[in-house]
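Here is how the chains run, residue by residue.
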Amino acid sequence: FTSLNTRRRLTVTVNKTAKIALITGASRGIGRAIAIELARSGHHLCLNYLNSENEIHNVQAECQTFGVQTIVAKADVSQSAEVDHLFNELKKLHGHLCAVVNNAGIRSDGPLMLMKDDDWDKVMEVNLRSSFLVCKRAVRPMISKRHGSIVTIVSPSGISGREGQTNYAASKGGLIAMSRSLAREMAPFGIRVNAVCPGVVQTDMIKDLKQELLESFLQYIPLGRFGEPAEIAAAVAFLCSDRSAYITGQVLIIDGGLTMGH
Ligand code: NAP
């Protein structure tokens with residue numbers, strides 16, 4: 001029994017090569033904070049973005065202050081050919097792709113009855129299909145090293161649902177199911193797959209929400225405040241590290257207690 005356990009544990013201790021992490025949607029908000037946290041923990045970084053050119057170069061400069069190598073890769077992660085381009089760019093970094101964070105995401109809320117087909121499709125493509133496209137390409141190098149961690153950013157909507165978010169909730173619920181299924185598929189290869197579920201975090205994603213709606217959320221958050229991107233990033237960095245070597249298939253909720261119910 002002991003020797004069996006030792007053999008499995010070896011996979012997390014033999015990796016001496018440089019650590020590489022890929023973060024989708026690293027230009028703003030939570031993705032930006034994750035990039036900085038992973039740079040702090042010594043990862044060379046592939047920083048993906050789509051539109052925010054100035055912002056991604058600022059993130060790159062901040063990450064480089066930790067002495068790590070970084071490349072910036074523009075790609076719409078919902079498009080197969082662009083994800084191919086992203087993984088080609090990734091080859092410019094030397095080391096082992098040990099961490100992938102599926103963070104890029106969008107919302108396009110509205111009642112289902114009035115929702116345009118495009119609003120459904122776009123949200124499913126950017127949030128859910130993108131993770132399929134990225135994971136499919138990421139697991140091959142991880143399998144060859146018998147080591148890796150994939151973290152996907154989901155949402156409370158994907159657990160309990162939210163009116164006006166049938167598309168967003170379906171995409172995030174799909175990501176949770178995908179993450180758990182992939183965790184089972186990849187466990188024999190020493191690859192862990194987890195999801196992080198932020199509550200309400202003040203980023204551009206929620207800046208269209210009315211102040212009174214945001215204030216009404218506060219009464220349901222036992223800690224009485226919204227989350228900071230850095231608080232989500234700290235948990236992601238933990239799940240990317242070997243300190244979480246025995247955690248897979250989990251959804252880590254970071255929401256100030258919101259989803260405990262009342
Ligand atoms: P944000 O500030 O709006 O940032 C979204 C990021 O996604 C940007 O970097 C954006 O890149 C990128 N992105 C969007 N579409 C993309 C595409 N097709 N290809 C590549 N990148 C794309 O949002 P956030 O709040 O940080 O959200 C990050 C993740 O956390 C999302 O998955 C979101 O669903 C989830 N989340 C957020 C909250 C919250 O309260 N904020 C709560 C729960 C879950 P460009 O700007 O370069 O286009």
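Located above this text is the structure these notes cover.
Residues numbered from 1 in each chain as written. Predicted model: local features only at pLDDT ≥ 70, side-chain atom pairs only at ≥ 80, totals over all residues. Heavy atoms only, no water.

> Which parts of the structure should I look at to understand the overall build of the protein?
Counting its regular elements, the protein contains nine helices and seven strands. Taking 2.2 N^0.38 as the reference for a compact globule, 262 residues should give roughly 18 Å; the C-alpha atoms of the protein span a radius of gyration of 18 Å, in line with that estimate. Based on the C-alpha atoms only, the size of the protein along its principal axes is roughly 55 × 45 × 35 Å. A burial count over the protein gives 48% of its 262 residues as buried. Considering only intrachain contacts with a sequence separation of at least 6, the fraction spanning at least 24 residues in the protein is 73%. If you sum the accessible surface of the protein, you get close to 13400 Å²; carbon and sulfur atoms cover 54% of it. Once the 29 positive and 24 negative side-chain charges of the protein are each reduced to a mean point, those two points are 12 Å apart. (Helix = DSSP H or I, 4+ residues; strand = E, 2+ residues; numbered from the N terminus. Rg over C-alpha atoms; globule rule 2.2 N^0.38 Å. Buried < 20%, exposed > 50% of the residue type's maximum accessible area, 1.4 Å probe, protein only. Contact = heavy atoms within 4.5 Å. Areas by Shrake-Rupley, 256 points an atom, 1.4 Å probe, with all protein chains shown as cover. Lys, Arg positive; Asp, Glu negative; His and termini not counted. Charge placed at Lys NZ, Arg CZ, Asp CG, Glu CD.)

> Explain the side chain of His 43 here, please?
Considering the arrangement of structural elements, one finds His 43 in the loop between helix H2 (29-40) and strand S2 (44-49). Here His 43 is in contact with Lys 19, Ile 20, Ala 21, Leu 38, Val 68, Cys 98 and Ala 99, once residues within four sequence places are set aside.

> Sorry if this is basic, but what is going on with the sheet that holds S2 here?
Each strand in a sheet pairs with its neighbour through backbone hydrogen bonds, running either in the same direction (parallel) or in the opposite one (antiparallel). The strand order across the open sheet formed by seven strands is S3-S2-S1-S4-S5-S6-S7, and the pairing between neighbours is parallel. The open sheet has two edge strands, strand S3 (70-74) and strand S7 (251-254), and neither has a second partner. Within this sheet the neighbouring strands show an average axis-to-axis angle of 20°, counted without direction. As judged from the four bridges shared by strand S6 (residues 191-198) and S7, these two strands associate in the parallel manner. Considered in S7, the bridge of Ala 195 is made with Val 251. Those strands touched by H2 are strand S1 (19-23), S2, strand S4 (96-102), strand S5 (148-153) and S6, and its axis lies near 175° from that of S1. (Pairing = 2+ DSSP bridges. Axes fitted to C-alpha atoms, helices over the stretch in contact; angles between N-to-C directions.)

> Looking at this model, I keep getting lost on the site of the ligand. Mind explaining?
By nearness alone, 31 residues border the ligand, and Ser 27, Ser 52, Asn 103, Tyr 168 and Thr 203 come closest of all. Backbone polar atom of Ala 75 to a nitrogen atom of the ligand: 3.4 Å apart, as the coordinates give it. For the ligand, the accessible surface in isolation is 900 Å², of which the surrounding protein chains cover 95%. A breakdown of the residues in the shell around the ligand according to their chemical character gives 16 nonpolar, eleven polar and four charged. (Near = heavy atom within 4 Å. Polar contact = N/O pair within 3.5 Å; in protein donor to acceptor, adjacent residues only side chain to side chain. Nonpolar A, V, L, I, M, F, W, Y, C, P; charged D, E, K, R; others polar.)

> When you look at the nonpolar core in this model, what are you seeing that I'm missing?
As a rule of thumb, nonpolar side chains are buried together in soluble globular proteins. With 31 residues, the main nonpolar core has Ile 23, Ile 34, Leu 38, Leu 45, Leu 47 and Val 236 as its most contacted residues. Mapped by element, the contributors of at least two residues to this core are S1, H2, S2, helix H3 (53-64), S4, S5 and helix H9 (229-240). Looking at which element gives the most residues to this core, the answer is H2, with seven residues. If near-sequence neighbours (up to four positions away) are discounted, Leu 38 is found in contact with Ala 21, Ile 23, His 43, Leu 45, Val 101, Ala 237 and Cys 240. (Core = buried A, V, L, I, M, F, W, Y, C linked by side-chain atoms within 4.5 Å.)

Nothing here speaks to function; it is all geometry.
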